[in-house]
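Descriptive structure summary
Now for the letters of each chain:
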Amino acid sequence: MEVKFFIGPMSKNIVDSIIDFQKASSKKVAIIPSRRQVDYDGGYANNWTTEQLSRYAKDLVIMRDHSGPGQGKVEDDGYLSLIHDCKYFDYIHIDPWKKYPEFDKGLKWTLEMINFCLSENPEIKFEVGTEEAIRRFEPKELDKLVKFLKSNLSKEKFLQIKYLVIQSGTLLSSNQNKGNFDLKRLKKMVAIAKKNNLKSKEHNGDYITEKLIRLKMSYGLDGINIAPEFGLIETQTYLDNMKHRGDLFNRYWELCYKSKKWVKWVGKEFDPIKQKESLIKISGHYILSDNDFIQDIKSEFNGIDKLIKKNIINKIESLHKTSDI
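Everything numeric in this text was worked out from a predicted model, so none of it was measured.

**Topic: helix H7 (residues 183-195)**
Here H7 is 13 residues long and its end C-alpha atoms lie 18 Å apart, about the 18 Å a rise of 1.5 Å per residue gives. Every buried residue belonging to H7 is among Arg185, Leu186, Met189, Val190, Ile192 and Ala193, and all of these are buried. Each buried residue of H7 lies within a common arc of 155° when the element is viewed along its axis, so the set occupies one face. Across H7 from its buried face, at more than 90 degrees, point the exposed residues Lys184, Lys188 and Lys195. Of the surrounding elements, those touching the buried residues of H7 are helix H5 (139-152), strand S6 (161-166), strand S9 (199-202) and helix H8 (210-218).

So, in structure tokens, the structure goes:
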């Protein structure tokens, strides 16, 4: 079954919603944990470790998103994380480009990480390339990346690469997608994937219209990542239910503000005091598993999980209906 949508597992509710959706549907949805969400030593998503998530979501396709150096909670080369990914996940997105944006160094690290993973698990499968927010790729560079890997890996090893990250203009900032869609670039990059028998996949598919997603897929895009937008669905459900509880709203803001998780998503002009609701919307999902949030806020809303899951499943269903047209 072809997977079109790859969703970030920012919370237990999101994972549970995907599990419930798959039970009731013929469609498959993959989850794409980043190292900050879920890693070998835990993360902000339900405090899951890599092993715990794999056992909990055993019926889901799991792809590590952004493996490699500089992608975890602390600065490291990413190899200890990779050992666990190879043991418990289905796919690994090989992404050294944040720390090594220089083309030749990125190529070298990509090759080395693939070889390392295959020495750990010869059956592990891969996604290569990176998103525009980390390093912009031109079509010629993307083609060179694939040719380099094809030339430096055995045929058997190269066939373990299944997905190629393409870029057509996506950029996330403050609950908005500020990228400029480029159809010509999409066509060129999709063509590179197809000629190498790879599936094309774009990152940062959040906060764009379903009409645009349908357009991209009509031109050959095979899959798309969506993460913060699903976290916002859960956050927004809480906000909708605390409209008359200023005390809870201010406590939610306080917890988000202290977490500092909002800082990386905003510009210098952002005012965290004057833009309290925006700050919560940007970073609310990061603290859903914190004890203070559970005790001070979640405990005030009986049955909130059921409502959150309903809202998440509605979005997943809507995405599939749109892409199937």
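Next, the rest of the story.
**What to know about the pairing of strand S10 (residues 223-226)**
Taking every second residue as pointing to the same face, both faces of S10 are buried, with Gly223 and Asn225 on one and Ile224 and Ile226 on the other. Pairing geometry for strand S1 (residues 3-7) and S10, over three bridges, is parallel. Residue Ile7 lies in a different strand from S10, and its bridge partner there is Ile226. Note that S9 and S10 share two bridges and pair parallel. Residue pairing across strands places Lys201 opposite Gly223, the latter belonging to S10. As for the winding sense of the linkage, the β-α-β connection from S9 through H8 to S10 is right-handed.

What counts, and where the lines are drawn
Residues numbered from 1 in each chain as written. Predicted model: local features only at pLDDT ≥ 70, side-chain atom pairs only at ≥ 80, totals over all residues. Heavy atoms only, no water. Helix = DSSP H or I, 4+ residues; strand = E, 2+ residues; numbered from the N terminus. Expected span 1.5 Å × (residues − 1). Buried < 20%, exposed > 50% of the residue type's maximum accessible area, 1.4 Å probe, protein only. Arc of directions from axis to C-beta. Contact = heavy atoms within 4.5 Å. Pairing = 2+ DSSP bridges. Right-handed = clockwise from strand over helix to strand, strands pointing away.

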